[in-house]
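Here are the chains, one letter per residue:
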Amino acid sequence: MQCPYCGGERLKVLDTADSRESIRRRRECLTCGARFTTYERAVAVTPVLIKADGTREAFDREKLKRGIWYACAKRPIPAAAIEQLATNVERYLQSLGQAEVSSRIVGDKVISELKDLDPIAYVRYAIVYLKLDNLHSVRAEIDKLLAEQESPSIAVVDSQPADLPLVALDQ
Ligand SMILES: [Zn+2]
């Protein structure tokens, strides 16, 4: 950090105050003697999404929720759970700390969350997202899901984000 008056970089912190949303510091420039205040805030930045064709798109929470709603149609899933799922996805993207990420990361996260939420919604989403375009690939996905439900240890390993879908989409 530089002194806003002389550009000097030798600064002394005189005092620090921590409030809920920011940390305020009173500083003194050791070059020119000016005193000034700095504020430090946590900023959550949602990365821009890079689509498969290379174009960029801003993260759109409403669009994400629409996709989840379709998958969850007529399932006993409370609206709050869908809201929470969208929040989980958004926070996950922010936690990556990058300016841009592949849009696949969003789908991978949604699908891993849906897997825990509701098996039918998961399969519906998987059909669209993993482009399961024939009955065999749909059945293979359902068989895998059933196998995981019968063997919890595998389910834990597979619930890591971006596991199964990345493999399927790389084909
Ligand atoms: Zn200065």
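In this report, the structure presented in the accompanying data block is examined. Throughout, a residue's number is its position along its own chain's written sequence, starting from 1. At least 70 in pLDDT is required for a residue's local features to be given in this predicted model, at least 80 for side-chain atom pairs to be given and counted, and no such filter applies to totals for whole chains, interfaces and linings, which use all residues.

**Description of the overall build of the chain**
Working step 1: A run of H or I in DSSP becomes a helix once it reaches four residues, and a run of E becomes a strand once it reaches two; helices and strands are each numbered from the N terminus. Summing up its helical and strand segments, the chain has seven helices and six strands in all.
Working step 2: The secondary structure elements of the chain, listed N-terminal to C-terminal, are β-β-β-β-β-α-α-β-α-α-α-α-α.
Working step 3: Every one of the 171 residues in the chain was classed for burial, and the buried ones make up 15%. Between the buried cut of 20 or more and the exposed cut of 12 or fewer other C-beta atoms within 10 Å of a residue's own C-beta lies the partly exposed class, and all C-beta atoms are placed from the backbone.

**A short note on helix H3 (residues 104-117)**
Working step 1: A helix is expected to span 1.5 Å for every residue after the first. With 14 residues, H3 ought to run about 20 Å at 1.5 Å a step, and its terminal C-alpha atoms sit 20 Å apart, in line with that.
Working step 2: Here H3 lies mainly inside the structure; 11 of its 14 residues are buried.

**Brief notes about the sheet that holds strand E2 (residues 22-29)**
Strands in a sheet are paired, the pairing made by backbone hydrogen bonds, and the direction either parallel or antiparallel.
Working step 1: We treat two strands as partners when DSSP finds at least two bridges between them. Strand order in the open sheet made by the three strands is E1-E2-E3, with antiparallel pairing throughout. With one partner strand each, in any of the chains shown, strand E1 (11-18) and strand E3 (35-41) form the two edges of the open sheet. Going across the sheet, the axis of each strand differs from the next one's by a mean of 25°, ignoring polarity.
Working step 2: Here E1 runs beside E2; their pairing, made up of seven bridges, is antiparallel. Bridge pairing in E2 places Thr16 opposite Arg25. Only the stretch in contact is used when a helix axis is fitted, and all axes are lines through C-alpha atoms; the angle between N-to-C directions ranges over 0 to 180 degrees.

**Some points on the environment of Ala17**
Working step 1: Take Ala17: it is sitting in strand E1.
Working step 2: Taking the C-beta count within 10 Å as the criterion, Ala17 has 11 such neighbours and is therefore assigned exposed.
Working step 3: Taking the C-alpha atoms as reference, Ala17 lies 9.6 Å from Tyr39; in sequence the two are 22 residues apart.

**Section: the packing of helix H4 (residues 119-129) against helix H5 (residues 135-150)**
Working step 1: Where H4 contacts H5, the two axes come as close as 11 Å, and the packing angle between them is 145°. For H4 against H5, the interelement crossing comes out right-handed. Touching Pro119, Tyr122, Val123, Ala126 and Ile127 of H4 are Val138, Glu141, Ile142 and Leu145, all from H5.
Working step 2: Nonpolar residues are Ala, Val, Leu, Ile, Met, Phe, Trp, Tyr, Cys and Pro. Charged residues are Asp, Glu, Lys and Arg, and all others, Gly as well, are polar. Taken together, the residues that form the contact of H4 with H5 break down as eight nonpolar, no polar and one charged. Crossing chirality is assigned from the near helix's rotation relative to the far helix, an anticlockwise turn below a right angle marking it left-handed and a clockwise turn marking it right-handed. Note on contacts: residues are paired as contacts if their backbone-placed C-beta atoms lie within 7 Å.

**Quick notes on the pairing of E3**
Working step 1: For E3, the buried fraction is low: zero of the seven residues fall into the buried class.
Working step 2: Looking at chain direction, E2 and E3 are connected through seven bridges and run antiparallel. Bridge pairing in E3 places Ser22 opposite Arg41.
Working step 3: From the end of E2 to the start of E3, which pair antiparallel, there are five residues, and Gly33 there has a positive phi angle of about 85°.

**What about the sheet that holds strand E6 (residues 100-102)?**
Working step 1: One open sheet accounts for three strands, arranged E5-E4-E6; its pairing is mixed. Of all strands in the sheet, those with a lone pairing partner are strand E5 (56-57) and E6, marking the two edges.
Working step 2: Taken together, the three bridges between strand E4 (residues 48-50) and E6 define a ladder with parallel strand orientation. Opposite Val48, over in E6, you have Glu100 as the bridge partner.

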